[in-house]
Amino acid sequence: MQNEDSPYYQGQRAMMCSALKSKGLAGDTVLEAMNTIPRHLFLESSFHQHAYQDKAFPIASDQTISHPSTVAWQSELLKLSSGMKVLEIGTGSGYQAAVLCELGVKLYSIERHKALFDFSRKMLAALGYRAELKFGDGFKGMPVFAPFDRIIVTCGAPFVPKALLAQLVEGGVMIIPVGEDVQKMVQITKQQDGSFVQKVLGDAAFVPMLKDRE
Ligand code: SAH
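Described below are features of the structure shown in this document.

What counts as what
Residues numbered from 1 in each chain as written. Predicted model: local features only at pLDDT ≥ 70, side-chain atom pairs only at ≥ 80, totals over all residues. Heavy atoms only, no water. Helix = DSSP H or I, 4+ residues; strand = E, 2+ residues; numbered from the N terminus. Buried < 20%, exposed > 50% of the residue type's maximum accessible area, 1.4 Å probe, protein only. Core = buried A, V, L, I, M, F, W, Y, C linked by side-chain atoms within 4.5 Å. Contact = heavy atoms within 4.5 Å. Expected span 1.5 Å × (residues − 1). Arc of directions from axis to C-beta. Phe/Tyr/Trp six-rings, centres within 6.5 Å; stacked < 30°, edge-to-face > 60°.

### Some details on unusual backbone geometry
Between Ala-146 and the following residue, Pro-147, the backbone shows a cis peptide bond with an omega angle of 0°. As for its placement among the helices and strands, Pro-147 is situated in the loop between strand 5 (132-135) and strand 6 (148-153). Positive phi is not limited to glycine here, since Asp-62 has a value of about 60°. With respect to the helices, strands and loops of the structure, Asp-62 is situated in the loop between strand 1 (57-59) and strand 2 (63-65). Judged by relative accessible area, which is 76%, Asp-62 ranks as exposed.

Structure representation (structure tokens):
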């Protein structure tokens, strides 16, 4: 029974979402999506009871699932409409990916750890979400499927990768935490003439974006 949703978790989740609402980080559409996704299933069973606190928890390969408030904030900053093509760098547990799928986008996501790639693939499929998942290096993006309407980076990038900028459609938006130990959340919009407008939004703390493991 551990791998199921339940009225207990649904209640915890509704409380988490109303707490997020009062923080003002995201609107109802994003919060309703988060209220649908059983976050506990993306964690090891020992963390299930705590899954609806606004905390990051360890996942496989020494990585962490993002805080719910970070997921809410990044999802909102993307300014999504359903049907958009969205590229995520850092699939991790698959939780942010599930939220994006629930918001009705066509999701592409890259993860550099095989254990997390395997786990997220199984969990997203089990919950009925379809996404194009890749085991590989997020610095390279997914040129085969480019351009993307939106790009979300969920690891701390030492710099903004040029390949990702190139894979953004004109008018497209990228949300990326930039910095080594601590980061600034940056929103980058690609103009119709191909130039970029950058807005620095606030502090963030993500696990680092690292190079290919091969
Ligand atoms: N979105 C995830 C967050 C996981 S933490 C979630 O909801 O759980 C960030 C993830 O980025 C980690 O899993 C890490 O392995 C991955 N990552 C770091 N550098 C990467 C890279 N160059 N390419 C792809 N994934 C990367």
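### Describing the nonpolar core
Ranked by internal contacts, the top residues of the largest apolar core, which has 46 residues, are Met-34, Phe-42, Tyr-95 and Val-99. Among the secondary structure elements, those contributing two or more residues to this core are helix 1 (7-23), helix 2 (28-36), strand 1, helix 3 (68-77), helix 4 (95-102), helix 5 (114-126) and strand 7 (168-178). When neighbours within four sequence positions are excluded, Met-34 is seen to be in contact with Arg-13, Met-16, Cys-17, Leu-20, Pro-68, Val-71, Ala-72, Tyr-95 and Val-99.

### Remarks on helix 1
For helix 1, built from 17 residues, the straight-helix expectation of 24 Å at 1.5 Å per residue is met to within 8% by its first-to-last C-alpha distance of 25 Å. Residues of helix 1 that are buried: Tyr-9, Arg-13, Met-16, Cys-17 and Leu-20. Projected down its long axis, helix 1 carries its buried residues within an arc of 100°, all on one side. For helix 1, the exposed residues lying more than 90 degrees away from the buried face are Pro-7, Met-15 and Ser-22. Each element contacted by the buried residues of helix 1 is listed here: helix 2, helix 3 and helix 4. One or two residues past the end of helix 1 sits Gly-24, with phi positive at roughly 70°.

### Some remarks on the packing of aromatic side chains
Following the criterion strictly, the structure yields 8 aromatic pairs and no others. Pairing Tyr-9 with Tyr-52 gives two aromatic rings, centres 6.2 Å apart and planes at 50°, and the pair type is tilted. With Tyr-9 in helix 1 and Tyr-52 in the loop between helix 2 and strand 1, this pair connects stretches of sequence that are 43 residues apart. For Tyr-52, a relative accessible area of 6% translates into the label buried. Seen from their ring centres, Phe-117 and Phe-135 are 5.8 Å apart, and the 40° between their planes marks the pair as tilted. Linking Phe-117 in helix 5 with Phe-135 in strand 5, this pair joins segments that are 18 residues apart in sequence.

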